[in-house]
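Architecture and fold: a report
Given next are the chains, with one letter for each unit.
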Amino acid sequence: MSEQSTDLRETVRERYAAAAMKVTEGSTACCGPQPVEVDENFGSTLYAADERDALPAEAVAASLGCGNPTAVAELRDGERVLDLGSGGGIDVLLSARRVGPTGKAYGLDMTEEMLALALANTAKAGATNVEFLKGTIEAIPLPANTIDVVISNCVINLSTDKPAVFAETFRVLKPGGRIGVSDVVADDTLTAGQRSERGDYVGCIAGALSFAEYRHGLEAAGFRGIEITPTHQVADGMYSAIVRATKPTADACCGVNACTPGENSADPALTITEAKTASGCG
């Protein structure tokens, strides 16, 4: 990782650590924690009132996203869900309710303060089908082909290595698995410099991909059925968008999940070459 990328990651970590501490300290105040994000384009106002009311106040207050991925991921009973950049845990806790006791919701975050807040919120919510992991979204600490759905709320734009995020997301998904992500996306006409003029990196603006770049990144990782649908404008020429895509099911002719640069073995115990040989495909 370059020095600039390391510096940007640390800046992001510091921003979210400060947000977590603000919520934690506010929870002891007489009026309870106040929302960290007050802009109508980001934060807890993007969730329905009944969803907010069902969760600990601290989970709602720590919401910093640009959408509500659990509303579009079509979660089902028994599924295993992973939230990239889980923060205070709002989307993990909502996912855990949707997949029920036979399912499981994982949250991945790199910030100690957010993880501590998420664990406290989980205890207050009484959720038992939840697990939080410390790590980065560029190197997900889970085995391949183990997750049914990956969600994320305005976090992928913060990564300094988005191809790694897409590749790792593809790796951990089961064949036929899907993503339901909320993220900031820019018009294809905006240059990187123009995006920076509209907001900073930690504000989820400067690091956003364009619609075409997002689609290309997902396709390069092996995803198919890609849909990128803008929902509301967050800056001039930049939008909160719902991103959906699917990991193809195993290709019987090749023994791999996609005959693309992002292909991987349908059997995690085999290399791509071994899988193709075993299936009679050269």
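Residues numbered from 1 in each chain as written. Predicted model: local features only at pLDDT ≥ 70, side-chain atom pairs only at ≥ 80, totals over all residues. Heavy atoms only, no water.

Things to note about the environment of Thr 70
- Along the chain, Thr 70 turns up in the loop between α3 (57-61) and β1 (80-84).
- Residues Thr 70 and Gly 180, spaced 110 residues apart in sequence, show a C-alpha to C-alpha distance of 7.6 Å. (Helix = DSSP H or I, 4+ residues; strand = E, 2+ residues; numbered from the N terminus.)

Observations regarding the packing of aromatic side chains
- As enumerated under the stated definition, the model contains 3 aromatic pairs in all.
- Ring centres 5.4 Å apart and planes at 50° place the aromatic pair Phe 166 and Tyr 214 in the tilted group. Residue Phe 166 is found in helix α6 (residues 162-172), and its partner Tyr 214 is found in helix α8 (residues 211-221); the two are separated by 48 residues along the sequence.
- For Phe 166, a relative accessible area of 3% gives the class buried. (Phe/Tyr/Trp six-rings, centres within 6.5 Å; stacked < 30°, edge-to-face > 60°. Buried < 20%, exposed > 50% of the residue type's maximum accessible area, 1.4 Å probe, protein only.)

A short note on empty space enclosed by the protein
- This structure, assessed with the given rule, holds 2 cavities of 30 Å³ or more.
- Along the walls of the second largest cavity sit Leu 84, Val 150, Ile 156, Val 165, Phe 166, Thr 169, Ile 179, Val 181, Tyr 214, Leu 218 and Val 243, which together make up its complete lining.
- In terms of residue class, the lining of the second largest cavity is made up of 10 nonpolar, 1 polar and no charged. (1 Å grid on protein atoms, 1.4 Å probe; cavity = no way out; pocket = protein on both sides within 12 Å on 5 of 7 lines; lining within 4 Å. Points joined across faces, edges and corners; volume = space filled by probe spheres on them. Nonpolar A, V, L, I, M, F, W, Y, C, P; charged D, E, K, R; others polar.)

A look at the packing of α6 against α8
- Between α6 and α8, whose axes approach to 9 Å, the crossing angle comes to 45°. Judged by the inter-axis angle, α6 sits oblique to α8. In the crossing of α6 with α8, the sense of the turn from one axis to the other is right-handed. Mapping the contact onto sequence places Phe 166, Ala 167 and Phe 170 in α6 and Tyr 214, Gly 217, Leu 218 and Ala 221 in α8.
- For the contact of α6 with α8, the per-class residue count stands at 6 nonpolar, 1 polar and no charged. (Axes fitted to C-alpha atoms, helices over the stretch in contact; angles between N-to-C directions. Parallel < 35°, antiparallel > 145°, perpendicular 65-115°, else oblique. Left-handed = near helix turned anticlockwise from the far one by under 90°. Contact = heavy atoms within 4.5 Å.)

Details of the pairing of strand β5 (residues 173-186)
- Most of β5 sits inside the fold, with 11 of its 14 residues counted as buried.
- Across 6 bridges, strand β4 (residues 147-153) lies against β5 in parallel orientation. When the bridges of β5 are listed, Val 149 appears paired with Arg 178.
- Sheet analysis places β5 next to strand β8 (residues 238-246), joined by 9 bridges and oriented antiparallel. (Pairing = 2+ DSSP bridges.)

Comments concerning the side chain of Thr 169
- Mapped onto the secondary structure, Thr 169 falls in helix α6.
- Setting aside chain neighbours within four positions, we find Thr 169 in contact with Leu 84, Ile 140, Val 150, Ile 179 and Phe 223.

What about the nonpolar core?
- In terms of nonpolar packing, the biggest core is built from 31 residues, with Leu 82, Ile 179, Tyr 214, Leu 218 and Phe 223 touching the most fellow members.
- Only β1, β2 (104-109), β4, α6, β5, α8, β7 (224-235) and β8 provide two or more residues apiece to this core.
- Sequence-distant contacts of Tyr 214, that is, excluding residues within four places in its chain, are made with Ile 156, Phe 166, Val 181, Asp 183, Val 185, Leu 209, Ile 228 and Val 243.
- In terms of nonpolar packing, the next biggest core, distinct from the first, is built from 9 residues, Val 184, Ile 205, Ala 235 and Met 238 among them. (Core = buried A, V, L, I, M, F, W, Y, C linked by side-chain atoms within 4.5 Å.)

Description of unusual backbone geometry
- With a phi close to 50°, Glu 74 is a non-glycine residue in the positive phi region.
- Among the secondary structure elements, Glu 74 is positioned in the loop between α3 and β1.
- Overall, the relative accessible area of 55% leaves Glu 74 in the exposed class.
- Within the chain, Asn 145 stands out as a residue other than glycine whose phi angle is a positive 60°.
- Mapped onto the elements, Asn 145 comes out in the loop between β3 (130-134) and β4.

Regarding the confidence of the model for the protein
- Confidence in the prediction of the protein, expressed as mean pLDDT, is 79, and 64% of residues score 70 or more.
- Taken together, the stretch residues 27-33 has pLDDT below 50 and engages in 8 contacts with residues farther than four places along the chain or on a different chain. (pLDDT = per-residue confidence, 0-100.)

A few points about the pairing of β4
- Among the 7 residues of β4, 7 are classified as buried, and the element is accordingly described as predominantly covered.
- In this structure, β1 lies alongside β4, joined through 4 bridges in parallel fashion. Paired with Val 81 across the two strands is Val 149, which belongs to β4.

As for the environment of Val 184
- Locating Val 184 in the fold gives a position in strand β5.
- On a C-alpha basis, the gap between Val 184 and Val 234 in space is 7.9 Å, while along the polypeptide they are 50 residues apart.

Side note on the pattern of salt bridges
- A full pass over the atoms with the stated rule returns 9 salt bridges.
- With a closest N to O distance of 3.4 Å, Arg 76 and Glu 79 form a salt bridge.
- In this structure Arg 76 comes out as partly exposed when scored by relative accessible area, which is 44%.
- Overlapping salt bridges bring together Arg 76, Glu 79 and Arg 178 as one network. (Salt bridge = Lys/Arg side-chain N within 4 Å of Asp/Glu carboxyl O.)

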